[in-house]
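Take a look at the letters that make up each chain.
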Amino acid sequence: TGIEWCALNDGAGSKPQAPSRLPILRNTALSPWKQHLAPQDDQLSSRKERRRGCVSFFRELFNMVRLSLQQSDKDDFYAAIVGMEVDLDDVDVQKDTSQQHRTAKSVDLLSLLGEILCDPAADSTEKSAILEILGTIALHDPNHIRRHCLEFHEMSKKSDR
């Protein structure tokens, strides 16, 4: 194969090497795949980089679904991902008793996308990716967004009381 010939031309000997001893591609600038690990600290710049990575991931995921899946699979995907709620655990500290108790708070994808759109610190790349995601959802079935807006409106009415 081509890699074995490269190893032979590099003076590795006349015998083909075992697959575990093949040379590693050293020029990653020419490779379309590269691993990127976002920083895991709590700095604002790190959180923005992780958020941008997540938004980019979702944009690519929604594009792949739109282009690659059959209609019934698309229906299942959009219903599952738009309706999915993730429980976040917040730890509240009671000032008077110094006890901690957990309150369950749930979020969904459309709420998170809306929060990023409202964030004044979000850049145009993030906002355009979010609008692209929302556009694919709306093109597939606008009822998902309509339902979410109605639920949000009902929750806001209840919290105002």
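A short tour of the structure in this document, coming up. Small disclaimer: the values here were computed from a predicted structure and weren't measured.

So, how was this worked out
Residues numbered from 1 in each chain as written. Predicted model: local features only at pLDDT ≥ 70, side-chain atom pairs only at ≥ 80, totals over all residues. Heavy atoms only, no water. Axes fitted to C-alpha atoms, helices over the stretch in contact; angles between N-to-C directions. Helix = DSSP H or I, 4+ residues; strand = E, 2+ residues; numbered from the N terminus. Parallel < 35°, antiparallel > 145°, perpendicular 65-115°, else oblique. Left-handed = near helix turned anticlockwise from the far one by under 90°. Contact = heavy atoms within 4.5 Å. Phe/Tyr/Trp six-rings, centres within 6.5 Å; stacked < 30°, edge-to-face > 60°.

## Some words on the packing of helix H2 (residues 44–68) against helix H3 (residues 71–83)
Two numbers describe how H2 lies on H3: the axes approach to 10 Å, and their chain directions differ by 150°. Considered as vectors, H2 and H3 are oriented roughly antiparallel to each other. Crossing geometry of H2 relative to H3 is assigned as left-handed. From H2, Phe58, Leu61, Phe62, Val65 and Arg66 reach across to H3, where they touch Lys74, Phe77, Tyr78 and Ile81.

## Focus on the packing of aromatic side chains
Scanning all chains against the criterion turns up five aromatic pairs. Consider the rings of phenylalanine 62 and phenylalanine 77, whose centres lie 5.4 Å apart with planes at 70°: the pair is edge-to-face. Of this pair, phenylalanine 62 sits in helix H2 while phenylalanine 77 sits in helix H3, placing them 15 residues apart in sequence. Between phenylalanine 77 and tyrosine 78 the ring centres are 5.5 Å apart and the planes differ by 75°, which places this aromatic pair in the edge-to-face class. Members of the aromatic cluster, joined through ring pairs, are Phe57, Phe58, Phe62, Phe77 and Tyr78.

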